[in-house]
Amino acid sequence: MESVTIGLILLTLPPLLYIVSRKSGVRYTWAPEALRVEAGLRRYVFPYATTSARFTTQPLGSRIWGTAVSGSVTGRYTLNSSTVHALATTTRPAQALLLTAGQHTFYVTPEKAEEFADRFLAK
């Protein structure tokens, strides 16, 4: 029985160490063809050609579900009278981007958004 317990610990230790060692928070990468967002173990891609964008100074409203810790605000939140999917670093940024991809609207807060947002807005 003791060897089974040790075996289970040894099997689960590498994945746990990998998860813990990853940088926490939401990370953005402005690639040539899309904005890439990493939030925990999930990855999102917002192609410039098929995603519409607009700026907002409105902070996120109430959390419906999700997390809100330093550097990582993810989940569903209210924004005015609608619901958005947050992939943000803060709930109260000076400026955020609202990205619409398909039927979903995402609230993102990448640094230097004003420098890169024209990739979405140039359509």
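Residues numbered from 1 in each chain as written. Predicted model: local features only at pLDDT ≥ 70, side-chain atom pairs only at ≥ 80, totals over all residues. Heavy atoms only, no water.

Student: Give a description of unusual backbone geometry that names residues and reports values.
Tutor: Of note in this structure, Asn80 is not a glycine but carries a positive phi near 60°. Here Asn80 lies in the loop between strand 6 (72–79) and strand 7 (82–88). Looking at Asn80, the relative accessible area reads 62%, which means it is exposed. A positive phi is found at Lys112, a non-glycine position, where the angle reads about 60°. Look at Lys112 and you get partly exposed, because its relative accessible area is 48%. (Helix = DSSP H or I, 4+ residues; strand = E, 2+ residues; numbered from the N terminus. Buried < 20%, exposed > 50% of the residue type's maximum accessible area, 1.4 Å probe, protein only.)

Student: Could you give me a rundown of the pattern of salt bridges, with the residues and numbers involved?
Tutor: For the structure on display, the rule yields three salt bridges. In this structure, Arg27 and Glu38 form a salt bridge, with 2.8 Å as the shortest nitrogen-oxygen distance. Taken together, the positions of Arg27 in strand 1 (residues 26–30) and Glu38 in strand 2 (residues 34–39) put the pair 11 residues apart, joining distant regions of the chain. Glu38 is the salt-bridge partner of Arg43, the closest N and O atoms lying 3.9 Å from each other. Given a relative accessible area of 22%, Glu38 falls into the partly exposed group. (Salt bridge = Lys/Arg side-chain N within 4 Å of Asp/Glu carboxyl O.)

Student: How would you sum up the nonpolar core? Please name residues and give values.
Tutor: Counting residues in each nonpolar core, the largest one holds 29 residues, and the members touching the most others are Leu35, Phe46 and Leu99. Counting only elements with at least two residues in this core, the list comes to strand 1, strand 2, strand 3 (42–47), strand 6, strand 7, strand 8 (96–101), strand 9 (104–108) and helix 2 (113–116). Setting aside residues no more than four positions away along its own chain, Leu35 makes contact with Tyr28, Thr29, Trp30, Tyr44, Val45, Phe46, Tyr48, Leu99 and Phe120. (Core = buried A, V, L, I, M, F, W, Y, C linked by side-chain atoms within 4.5 Å. Contact = heavy atoms within 4.5 Å.)

Student: I'd love a proper account of the sheet that holds strand 1, names of residues and values included.
Tutor: Pairing in this open sheet of three strands is antiparallel, and the strands run 1-2-3 from one edge to the other. Here the strands that pair on one side only, and so sit at the sheet edges, are strand 1 and strand 3. Neighbour to neighbour, the strand axes of the sheet diverge by 15° on average, direction disregarded. (Pairing = 2+ DSSP bridges. Axes fitted to C-alpha atoms, helices over the stretch in contact; angles between N-to-C directions.)

Student: I'd like a description of the pairing of strand 5 (residues 63–69), backed by residues and values.
Tutor: Relative to strand 6, strand 5 runs antiparallel, the two sharing six bridges. What sits directly across from Val69, in strand 6, is Ser72. Between strand 5 and the antiparallel strand that follows it, strand 6, lie two residues; Gly71 among them carries a positive phi value of about 85°.

Student: Provide a residue-level description of the sheet that holds strand 6, including the pertinent values.
Tutor: Taking strand neighbours across the sheet as the criterion, the six strands line up as 4-8-9-7-6-5 in an open arrangement whose pairing is mixed. Bordering the open sheet on either side are strand 4 (52–56) and strand 5, each of which pairs with just one other strand. When strand polarity is set aside, the average angle formed by the axes of neighbouring strands in this sheet is 30°. Pairing of strand 7 with strand 9, which is carried by three bridges, proceeds in the parallel orientation. Counted as the bridge partner of Leu87 is Val108 from strand 9.

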